[in-house]
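Letter by letter, the chains look like this.
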Amino acid sequence: MSSALPKDVKNSFTARDFSTPAPSVGNQEVRKPTFLSHAPGHWSDVSPENWNDWKWQLRNRVSTLEKVESLIDLTPEERAGIILTRGKLAFSVTPHFFNLIDPNDPNCPIRRQVIPRIEEGDTAPWEMADPCGEDSHMPAPGLVHRYPDRVLFLVTDRCASYCRYCTRSRVVSGVGEQELHTDFEEAFRYLEQHTEIRDVLLSGGDALLLSDNRLESILSRLRSIPHIEFLRIGSRVPIFLPQRITPELCAMLQKYHPLWMSVHTNHPKELTVEVRDALARLANHGVPLGNQSVFLADVNDDLTTMRELVHKLLLCRVRPYYLYQCDLIKGSAHLRASVARGIEIIEGLRGHTSGYAVPQFVIDAPGGGGKVPVNPGYVMYHDPEKVVIRNFEGRIFEYPEMASPVVNHHASELIDGQ
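For clarity, every value in this text was computed on a predicted model and none was experimentally measured.

K.L.:
Provide a residue-level description of the overall build of the protein chain, including the pertinent values.
P.N.:
The helix and strand inventory of the protein chain stands at 15 helices and twelve strands. A sequence separation of at least 24 residues applies to 76% of the contacts in the protein chain between residues at least 6 apart. By element, 52% of the accessible surface of the protein chain is carried by carbon and sulfur atoms, the whole surface being about 19,300 Å².

Encoded structure:
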């Protein structure tokens, strides 16, 4: 039933005027998602055999100022940013992903993610090298135990391409402030001794850059620990390097179920024909797929882009999982969108598209507090008698609260009398 809010509730809640509807797509025309291939693009002289070889893609990454300037015109800010990377986070982009860059638009959402800018040299007072507090929750080198029943296992410090907002820029790429020295045997011993751990997430760097044999040796060792129930891999390789998702890799991963994978896609343009097919191979081998996006200024901080992204993900059998507020990593202020804008976008999705398409918006609490969900204010008032809520249209409803379990004494008497 519809209900008015208690007087004191209206006065205490100032985030939105709930007499007006929440943001929505309204009657706007919704474009049917399309998947494109941009191959071979700048590499028109490369044979299909080489182009589709993931090792060729890695060997031919764009990683120098000279190479990138031979392909696109850089702005002064970008040129200075690439020079800056020699002492910060390395610059490297696979040919597959580089082809997605609009050479004529410095604000291209793909370009902003992987082409450095001079602003990376600026550090705001609240930014930090380790914004998630991983180093302080590392009982063994390379193993992060921050949540009670799960751990993060950093198995490599290399990625196929380097995101300019990387949370672990201090340890990945080989030119950061620190070096990653994972002690695998010590990590395995810790996991064997701590029976409360049931979930292991492999990350880095990117675990899918390991060879099939090396990755399988890690997975099989983890599977030998009885209390570890399931495994996860966090990877941007299916997006940066879809050629790596070979039938052989998928068949190997299938042996270690239940195994889940979280991929990382920020913009619908990243979901190419090749990426769609790579994700299909994983899904067809029984790997449940979720997506983690980072909320970035002028990349995905508008409702139309986010809606297209989540719809394309579902077509690829990938569940939008998390939308991360950009971590407070040093030099990332120019990429950080506002929390208020993120909440508005979630509100524009909720109720206006499938629930499967709505990710959970979270902030990784600075300093190691873990993921904190950040949602629009749907609960308007709550006391022992009722909960006052609003829906996606801004309409307000009252739901009776259950102060204690209701016991049907009549039913109990009937049972006792049998």
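K.L.:
Account for the environment of P76, with residues named and values stated.
P.N.:
Within the secondary structure layout, P76 lies in helix α5 (residues 76-84). Residue classification places P76 among the exposed residues on the basis of a relative accessible area of 64%. In this structure the C-alpha to C-alpha distance between P76 and I118, which are 42 residues apart in sequence, comes to 8.5 Å.

K.L.:
Please provide a residue-by-residue account of the pattern of salt bridges, values included.
P.N.:
Per the counting criterion, the structure on display carries 25 salt bridges. Bridged by salt links that share partners, the residues D130, E134, D135, R168 and R170 form one connected network.

K.L.:
Mind laying out the confidence of the model for the protein chain, listing which residues take part and the relevant values?
P.N.:
In the predicted model, the protein chain carries a mean pLDDT of 91, and the fraction of residues at 70 or more is 89%. For the stretch residues 8-22, pLDDT sits under 50, and the model shows 20 contacts to residues farther than four places along the chain or on other chains.

K.L.:
Can you lay out the sheet that holds strand β11 (residues 386-390) for me, pointing to particular residues and giving the numbers?
P.N.:
Overall, antiparallel pairing links the three strands, which are arranged β10-β11-β12 in an open sheet. The sheet is open, and its two edges are formed by β10 (379-382) and β12 (396-400), each paired on a single side. The average angle at which neighbouring strand axes cross in this sheet is 20°, direction not considered. Here five bridges tie β11 to β12, and the two strands are oriented antiparallel to one another. Its bridge partner being in β12, V387 is matched across the sheet by Y399.

K.L.:
Give me the lowdown on the packing of aromatic side chains, citing residues and values where you can.
P.N.:
One pair of aromatic rings is described through two measures. These are the centre distance and the angle between the planes. Using the criterion set out here, one finds ten aromatic pairs in the structure. Centre to centre, the rings of F97 and F240 are 4.7 Å apart; their planes meet at 90°, and the pair counts as edge-to-face. Of the two residues, F97 sits in helix α6 (residues 95-98) while F240 sits in helix α10 (residues 237-240), which places them 143 residues apart along the sequence. We note that F97, like F240, is buried. By way of ring pairs, the aromatic residues W43, W51, W56 and F98 are connected into one cluster.

K.L.:
An account of the state of the cysteines is needed here, citing residue identities and associated values.
P.N.:
Scanning the model with the defined rule gives zero disulfides in all. Free cysteine: C163, not disulfide-bonded; nearest cysteine sulfur from C166 at 6.7 Å. With a relative accessible area of 9%, C163 lands in the buried category.

K.L.:
Give a description of helix α12 (residues 273-284) that names residues and reports values.
P.N.:
Because an α-helix packs 3.6 residues into every turn, residues spaced three or four apart end up facing the same way. Here α12 contains twelve residues, and its C-alpha end-to-end distance of 16 Å stays within 8% of the 16 Å for a straight helix at 1.5 Å per residue. Taken together, the buried positions of α12 are E274, V275, A278, L279, L282 and A283. As for α12, its buried residues are in contact with α6, α10, α11 (247-254), β5 (259-263), β6 (289-295) and β7 (318-325). G286 sits one or two residues past α12 and shows a positive phi near 80°.

What counts and how
- Residues numbered from 1 in each chain as written.
- Predicted model: local features only at pLDDT ≥ 70, side-chain atom pairs only at ≥ 80, totals over all residues.
- Heavy atoms only, no water.
- Helix = DSSP H or I, 4+ residues; strand = E, 2+ residues; numbered from the N terminus.
- Contact = heavy atoms within 4.5 Å.
- Areas by Shrake-Rupley, 256 points an atom, 1.4 Å probe, with all protein chains shown as cover.
- Buried < 20%, exposed > 50% of the residue type's maximum accessible area, 1.4 Å probe, protein only.
- Salt bridge = Lys/Arg side-chain N within 4 Å of Asp/Glu carboxyl O.
- pLDDT = per-residue confidence, 0-100.
- Pairing = 2+ DSSP bridges.
- Axes fitted to C-alpha atoms, helices over the stretch in contact; angles between N-to-C directions.
- Phe/Tyr/Trp six-rings, centres within 6.5 Å; stacked < 30°, edge-to-face > 60°.
- Disulfide = S-S within 2.5 Å.
- Expected span 1.5 Å × (residues − 1).

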